[in-house]
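Structure at a glance
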Amino acid sequence: MSKLNHDVLYEIFQNLQDLINMTYTNDPDNLNKMINYKEFLRSQFSCLLVNKNWCEVMIPFLWSNPFKYAYKAHIKSSLFKIIISHLSDNSIKLLKDENIIETNFQKLKLSFNYVRFCKYLNDIHYICTKRLLEEEIYKFFISECSSIKSLNSNMLCYTILKYPGANISLSNLYELHCITKDQDFYYGLAQICKSIEKLHVVNDYEESFGVVKLIEMQTQIKYVFIDGCYVECKKIIQALDKHVNSIIHLEMIEYSTSAIQFFMKKLINLRYLKVYNGYYILEKYVIYFNYYNLKEIELCKIFSLDIAINIIKNTNGNLWKIRIGCAQHYYDKAKEYNQMIHKYCPNIKYVTVFLNRDGTLEELEKIFIKCQHLEAIDINEGINYKYIDKFLNLLLELAPLTLCKIHIYDMSNCFDSDESLKLFLINWGHHKGKKTLHLYSDYTNIIRDIIHKYDINLKTLII
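All values derive from a computational prediction rather than experimental measurement.

**Quick notes on the overall build of the chain**
- A count of helical and extended segments in the chain gives 18 helices and 12 strands.
- Looking at the chain as a whole, 47% of its 463 residues are labelled buried.
- Considering only contacts in the chain between residues 6 or more positions apart, those separated by 24 or more positions represent 66%.
- Total accessible area on the chain stands at roughly 22,600 Å², and carbon and sulfur atoms take up 51% of it.

**Here we look at helix α6 (residues 131-144)**
- With 14 residues, α6 ought to run about 20 Å at 1.5 Å a step, and its terminal C-alpha atoms sit 20 Å apart, in line with that.
- Looking only at α6, the buried set comprises L133, E134, E136, I137, Y138, F140, F141 and I142.
- Packed against the buried residues of α6 are α4 (73-86), α5 (89-97) and α7 (166-169).

**Re the environment of L396**
- Along the chain, the position of L396 falls in helix α16 (residues 388-397).
- Sequence-wise, L396 and K434 are 38 residues apart; in three dimensions their C-alpha atoms are separated by 8.7 Å.
- Ignoring anything within four residues of it in the chain, the contact list for L396 reads F424, N427, W428, H431 and K434.

**Re the nonpolar core**
- Judged by nonpolar contacts, the single largest core of 126 residues is most densely connected at L176, F263, I322, Y337, F391 and L395.
- Shared between two domains, this core holds at least three residues of each, these being domain 1 (1-20 + 29-63) and domain 2 (277-290 + 300-462).
- Discounting residues that sit within four places of it in the chain, F263 has contacts with V224, I226, I237, L240, L250, M252 and Y291.

**Quick word on the pattern of salt bridges**
- Evaluated as defined, the whole model comprises 7 salt bridges.
- A salt bridge links D97 to K93; the shortest N-O distance between them is 3.0 Å. Of this pair, D97 and K93 both sit in helix α5, 4 residues apart, which is roughly one turn of the helix.
- We classify D97 as partly exposed; its relative accessible area is 49%.
- Between D241 and K266 there is a salt bridge, with the nearest N and O atoms lying 2.7 Å from each other.

**Some words on the packing of α5 against α6**
- Look at α5 against α6: their axes get within 11 Å of each other, and the N-to-C directions meet at 170°. In terms of orientation, α5 lies roughly antiparallel with respect to α6. In this structure, α5 contributes S91, L94 and L95 to the contact, and α6 contributes L132, L133 and E136.
- Of the residues belonging to the contact of α5 with α6, the class tally is 4 nonpolar, 1 polar and 1 charged.

**Observations regarding the environment of K349**
- Inspection of the secondary structure assignment puts K349 in the loop between α14 (334-344) and β8 (350-353).
- Measuring from C-alpha to C-alpha, the distance between K349 and T402 comes to 8.8 Å, with 53 residues separating the pair along the chain.
- Excluding anything up to four places from it in sequence, K349 contacts W320, H373, L374, E375 and A376.

**Here's the deal with the side chain of E134**
- Within the secondary structure, E134 sits in helix α6.
- R131 provides the closest opposite charge to the buried, salt-bridge-free E134, at an N-O distance of 5.1 Å.
- Excluding anything up to four places from it in sequence, E134 contacts C128, N154 and Y158.

**So, the packing of aromatic side chains**
- By the definition in use, this model includes 8 aromatic pairs.
- Centre to centre, the rings of Y187 and F209 are 6.4 Å apart; their planes meet at 50°, and the pair counts as tilted. Residue Y187 is found in helix α8 (residues 183-190), and its partner F209 is found in helix α9 (residues 209-217); the two are separated by 22 residues along the sequence.
- For F209, a relative accessible area of 46% translates into the label partly exposed.

**Looking at the confidence of the model for the chain**
- Per-residue confidence for the chain gives a mean pLDDT of 80; residues scoring 70 or more make up 79%.
- Predicted confidence for residues 28-35 stays below pLDDT 50, and this span has 14 contacts to residues more than four positions away or in other chains.

**Describing the pairing of strand β2 (residues 198-202)**
- Burial analysis of β2 places 4 of its 5 residues in the buried class, which makes it a mostly covered element.
- With 4 bridges connecting them, strand β1 (residues 175-178) and β2 associate as parallel partners. Paired with C178 across the strands is V201, a residue of β2.
- Of the pairings in the sheet, the one linking β2 to strand β3 (residues 223-227) comprises 5 bridges and is parallel in character. Counted as the bridge partner of V201 is I226 from β3.

**So, a nonpolar patch on the surface**
- A cluster of nonpolar side chains, namely V8, I12 and L16, defines an oily patch on the protein surface of about 230 Å² accessible area.
- Tracing the chain through its elements places V8 in helix α1 (residues 2-26).

**Quick notes on the environment of N277**
- Take N277: it is sitting in strand β5 (residues 272-278).
- Taking the C-alpha atoms as reference, N277 lies 6.0 Å from C300; in sequence the two are 23 residues apart.

Thresholds applied
Residues numbered from 1 in each chain as written. Predicted model: local features only at pLDDT ≥ 70, side-chain atom pairs only at ≥ 80, totals over all residues. Heavy atoms only, no water. Helix = DSSP H or I, 4+ residues; strand = E, 2+ residues; numbered from the N terminus. Buried < 20%, exposed > 50% of the residue type's maximum accessible area, 1.4 Å probe, protein only. Contact = heavy atoms within 4.5 Å. Areas by Shrake-Rupley, 256 points an atom, 1.4 Å probe, with all protein chains shown as cover. Expected span 1.5 Å × (residues − 1). Core = buried A, V, L, I, M, F, W, Y, C linked by side-chain atoms within 4.5 Å. Domains from an automatic or database assignment. Salt bridge = Lys/Arg side-chain N within 4 Å of Asp/Glu carboxyl O. Axes fitted to C-alpha atoms, helices over the stretch in contact; angles between N-to-C directions. Parallel < 35°, antiparallel > 145°, perpendicular 65-115°, else oblique. Nonpolar A, V, L, I, M, F, W, Y, C, P; charged D, E, K, R; others polar. Lys, Arg positive; Asp, Glu negative; His and termini not counted. Phe/Tyr/Trp six-rings, centres within 6.5 Å; stacked < 30°, edge-to-face > 60°. pLDDT = per-residue confidence, 0-100. Pairing = 2+ DSSP bridges. Patch = residues over 30% accessible without salt bridge, like charges linked within 9 Å, V, L, I, M, F, W, Y side chains within 5 Å.

Laid out in structure tokens, this is it:
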């Protein structure tokens, strides 16, 4: 019965953690979900105190990724002492002799082999500050961790594949950053690792035979991050062809012609797309874009709203997030873009809108009427001051009750006086059914000044 209880508890906590992590990963901008995430973490710590059985169940979860909080000084110090206490007496003597740790350091009495539970080593660099210390700790982690999911990029500078236990601890690797020119490392990793799903490629080296082999050997890659593709990475692109049906997440920075041709034409199951720096290459090939499963798009520094308009037209109403950033002199299609939102995106929750051209406000009104799941709007750049009063009235009168987050990039030139914003803030707080408003701006001092100036007491506003 005790074994059954242990297994049941483990399954419950695993499912809870998977659910929280998935929600937080998919929507990190949602402040409410972030708060729930932090509460969940606190509740995990309290579970340690229930009894021995609960403690044994929770330790593996808490130690699967302990370094993500190591940027905080007190946590870094505690983690450092615990990690060092795992090392052998010979390793500790070496570190003392090299003045890396204090000569009077005493090993802690440990209740568990905590290192054995570590899976995500992305942020381990916070506790490793010197090369000799790094090498000793990396060797120990490779030998002790039963199933490493993600490595720190610093680890790739060492011969970790030759460390004892590497063929076991790295066999279930889930995420990898390919950023070095040591192709022999990737070729060697390809021989023992077949389960990478999340791949980051910083491509500044054309002869990437090791990375190509690694990609070819994986079962299914789902998440792809491409950076620095001014180098024509045709071989890497050809290797990714094996995974066109499994790739659901794509982010690109400084992409090449071969990369955009491949991704635009073949990734039919894509759910998330982020493109940074939308040069004419993307505009040229976006006509091939027919991704009916697409749910989120982020286009940063694009040259034309035509790109976003064409993408939205070729989706199937599944989009729930659209985030756009482009220079102001490319806003000629702002009205048509806003129109595409209410016409093709009935399930939208987060959307960038434009309110700096004639007709844009009328299209926003239709968005409020037709998009009843809307939670957040992002207003790129500023709002034409002629529209501000009507915009604030629309928020109060027609915005769906789900709407609770508004980001206005530039509020400095929106208002002729404080009166409009003052009345809006007061009326929002008195409006029955309105949620707490999260109001963001690069000029939040404007909002704070009005609140203090008029002594507005608002429990329904977060800035």
